[in-house]
Amino acid sequence: MPRSNRSRRQGGESSSRARGGRAAKRQQAAADRATGAADELEHLRDGWRRTEVRRGVSYTVQPISAVRAVKDYVCPGCPNPVEAGVAHVVVWRAEGILGDEHALAARRHWHNHCWRMA
């Protein structure tokens, strides 16, 4: 005779319905964890974007890791290129005169040391 470790339910509730409820709760908990992980990943991917003030103008500064640096750029602080695979910062005006879209389009990639010296 087969043995079962499951308790017998009263009221005719089938075990598949009961498991479905628990399974749904487990799936919801996993989805909540994934959303939290996605938010955390987004925060890490954005690189702790911050605002800095230089010469009375607010700039948004976003660090780019060496892994995420996949293109070459020319640093506005020096005539040297910011090569792919080199960690650097992307800088744009926080309060763009012509709007946020224009300010974001005018962003520039700087070497870390060039931005610190600017």
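As the structure is a prediction and not an experimental result, all values here were calculated from the model.

As a further point, take the sheet that holds strand β1 (residues 50-54). On the basis of which strands lie adjacent, the open sheet formed by four strands has the order β1-β2-β5-β6 and antiparallel pairing. For this open sheet the edge positions go to β1 and β6 (108-110), each flanked by a neighbour on one side alone. Along the sheet, successive strands turn relative to each other by an average axial angle of 40 degrees, direction set aside. As paired elements, strand β5 (residues 88-93) and β6 share three bridges and run antiparallel to each other. What sits directly across from V89, in β6, is W110.

Phi is positive for R55, close to 50 degrees, though the residue is something other than glycine. Mapped onto the fold, R55 is located in the loop between β1 and β2 (57-64).

Time to look at the packing of aromatic side chains. The description of two aromatic rings rests on the distance between their centres and on the angle between their planes. This structure, assessed with the given rule, holds two aromatic pairs. Their ring planes at 80 degrees and their centres at 5.6 Å tell us that Y59 and W115 sit as a pair that is edge-to-face. Taken as a pair, Y59 in strand β2 and W115 in helix α3 (residues 112-117) lie far apart in primary sequence, 56 residues in all. Considering the side-chain rings of W110 and W115, the 5.2 Å spacing of their centres and the 75 degrees angle between planes classify their relative orientation as edge-to-face. According to the relative accessible area criterion, W115 is buried, its value standing at 5%. Put simply, the rings of Y59, W110 and W115 touch in pairs and so form one group of aromatic residues. If you follow R54 out to its NZ or CZ, it ends over the ring of W115, 4.4 Å from the centre.

Procedures and definitions
Residues numbered from 1 in each chain as written. Predicted model: local features only at pLDDT ≥ 70, side-chain atom pairs only at ≥ 80, totals over all residues. Heavy atoms only, no water. Pairing = 2+ DSSP bridges. Helix = DSSP H or I, 4+ residues; strand = E, 2+ residues; numbered from the N terminus. Axes fitted to C-alpha atoms, helices over the stretch in contact; angles between N-to-C directions. Phe/Tyr/Trp six-rings, centres within 6.5 Å; stacked < 30°, edge-to-face > 60°. Buried < 20%, exposed > 50% of the residue type's maximum accessible area, 1.4 Å probe, protein only. Lys NZ or Arg CZ within 6 Å of the ring centre and 35° of its normal.

Nothing here speaks to function; it is all geometry.
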